[in-house]
Amino acid sequence: MAATIIDGKQVAADMRAELKTEVTRLAADGIVPGLGVILVGEDPASQSYVSAKEKACEEAGIYSDDNRLPADTTQEQLVALVEQMNNDPKIHGILVQLPLPKHIDESAVIGTIRPEKDVDGFTPGNVGRLVIGEACFLPCTPHGVVQLLARSGVEISGSHVVVVGRSNIVGKPIANMLLQKKENANATVTICHTGTKDMASFTRQADILIVAAGWPNTVTPDMVKEGVAVIDVGVNRVEDASRKRGYRLVGDVDFEGLKEKASVITPVPGGVGPMTITMLMVNTVESAKRHAGVA
Ligand code: GUN
């Protein structure tokens, strides 16, 4: 079977167009959603994510307050900036780009974000609400993954979803989202990680395989069954002398191999990536609406 390639760029563009219409309507009522963005240090991947988030906000009519801080910023300075955004009525969502430099305690910083401005869904309160199935801000990458599956017509309810990776940003939240007894969920979920023995014995059972391992070629064609739906969350740079910049981006799965066996598959780039930013904007607009009492 040759897979249908899920066009994340197109799905994201459709959703952003809908969002722009909504932002325009809100602006007529004097409501301008605002996102506070904080990046500490010069990690090139984080810089490009943050630039893309800022550009997308501008295009959608969302106000963004961009803060790029040096790598030696102290935890106290960072917490003070988060507090300032917590108290700024123009800001409805706060995004602290992760990872933070090693000398900063990530959970301490995330923990200072007001839950009602936690559009990344990373604070313990939001995570807890997600686990027990209460309304909350859903973390953007997993939220985008569910949208891609649903909008590609993949049946989630009753499927066996195998997640590879147990990060707080992707693996744990996507697993928890998909096992809820809700629409676009209700799956049987298995999580594989670096401690899993014989990972292929689990991935071969997957109707839906979500890979967020952080390593190229983590999943090869011998590890999946015919007809699996594959969502590749990975973004890895591999050396490529034929490219001007000296590298190209690849995901966590052997895309060329898997596309011969899968029913649907996301490419890298152009799959999950554009959806993450889109869901951040969706959450920010939702936060602004709640704040204005029109949600
Ligand atoms: N680093 C990688 N993905 C994310 C994300 O979705 N949000 C934040 N804040 N940092 C990230």
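Here, the structure is the one placed above.
This is a predicted model, so every value here is computed, not measured.

### Concerning the sheet that holds strand β2 (residues 34-40)
Read across the sheet, 3 strands follow the order β3-β2-β4 without closing on themselves; strand pairing throughout is parallel. Edge positions in the sheet fall to β3 (63-69) and β4 (93-96), since each of these pairs with one other strand and no more. The mean inter-strand angle of the sheet, taken between neighbouring strand axes irrespective of direction, is 15 degrees. Two elements, β2 and β3, share 7 bridges in a ladder whose sense is parallel. Across the sheet, residue L35 finds its bridge partner in β3, namely S64. Taken strand by strand, helix α2 (residues 44-60) contacts β2, β3 and β4, and its axis lies near 160 degrees from that of β3.

### Focus on the packing of α2 against helix α10 (residues 273-292)
At their nearest, the axes of α2 and α10 sit 10 Å apart, and the two run at 50 degrees to each other. In terms of axis orientation, α2 runs oblique to α10. Viewed along their axes, α2 and α10 form a crossing whose handedness is right-handed. Residue-level inspection shows Y49, A52, K53, A56, C57 and A60 of α2 in contact with α10, the latter providing I277, L280 and M281. The residue makeup of the contact of α2 with α10, split by class, is 8 nonpolar, no polar and 1 charged.

### Things to note about helix α7 (residues 171-179)
Among all positions in α7, only G171, P173, I174, A175, M177 and L178 are buried. Tucked inside the fold, the buried residues of α7 contact α5 (124-131), α6 (140-151), β5 (160-164), β6 (188-192) and β7 (208-211).

### Brief notes about the pairing of β2
Burial within β2 is extensive, with 7 of its 7 residues counted as buried. The alternating pattern of β2 places G34, G36, I38 and V40 on one face and L35, V37 and L39 on the opposite face, and all of these are buried. The β-α-β motif built from β2, the intervening α2 and the parallel element β3 has right-handed crossover chirality. Note that β2 and β4 share 4 bridges and pair parallel. Bridge assignment links L35 to a residue of β4, and that residue is G93.

### Thoughts on the pattern of salt bridges
On inspection of all chains with the given rule, the structure shows 10 salt bridges. E59 is the salt-bridge partner of K55, the closest N and O atoms lying 3.6 Å from each other. Note that K55 and E59 are positioned in helix α2 at a spacing of 4 residues, about one turn of the helix. For K55, a relative accessible area of 54% gives the class exposed. What makes E59 partly exposed here is its relative accessible area of 43%. In this structure, D207 engages K225 in a salt bridge whose closest nitrogen and oxygen atoms are separated by 2.7 Å. One end of the pair, D207, is in the loop between α8 (199-203) and β7; the other, K225, is in the loop between β7 and β8 (229-232), and 18 residues separate them in sequence. Salt bridges linked by common partners bring D240, R243 and R248 together as one network.

### Thoughts on the site of the ligand
Taken together, the neighbourhood of the ligand is formed by L95, V96, Q97, L98, D120, F122 and I169. The contact in question runs from a nitrogen atom of the ligand to an N or O atom on the side chain of Q97, over 3.2 Å. L98 has a polar backbone atom sitting 2.9 Å from a nitrogen atom of the ligand. About the coverage of the ligand: the protein hides 87% of its 280 Å² of free accessible area. Taken together, the residues of the shell around the ligand sort by class into 5 nonpolar, 1 polar and 1 charged.

### As for the sheet that holds strand β1 (residues 4-5)
Sheet architecture is open: 6 strands sit in the order β1-β11-β8-β7-β5-β6, paired in parallel fashion. Either end of the sheet is taken by a strand with one partner, and the two such strands are β1 and β6. In this structure, β8 lies alongside strand β11 (residues 264-265), joined through 2 bridges in parallel fashion. Bridge assignment links A229 to a residue of β11, and that residue is V264.

Thresholds, definitions, all that
- Residues numbered from 1 in each chain as written.
- Predicted model: local features only at pLDDT ≥ 70, side-chain atom pairs only at ≥ 80, totals over all residues.
- Heavy atoms only, no water.
- Pairing = 2+ DSSP bridges.
- Helix = DSSP H or I, 4+ residues; strand = E, 2+ residues; numbered from the N terminus.
- Axes fitted to C-alpha atoms, helices over the stretch in contact; angles between N-to-C directions.
- Contact = heavy atoms within 4.5 Å.
- Parallel < 35°, antiparallel > 145°, perpendicular 65-115°, else oblique.
- Left-handed = near helix turned anticlockwise from the far one by under 90°.
- Nonpolar A, V, L, I, M, F, W, Y, C, P; charged D, E, K, R; others polar.
- Buried < 20%, exposed > 50% of the residue type's maximum accessible area, 1.4 Å probe, protein only.
- Right-handed = clockwise from strand over helix to strand, strands pointing away.
- Salt bridge = Lys/Arg side-chain N within 4 Å of Asp/Glu carboxyl O.
- Near = heavy atom within 4 Å.
- Polar contact = N/O pair within 3.5 Å; in protein donor to acceptor, adjacent residues only side chain to side chain.
- Areas by Shrake-Rupley, 256 points an atom, 1.4 Å probe, with all protein chains shown as cover.

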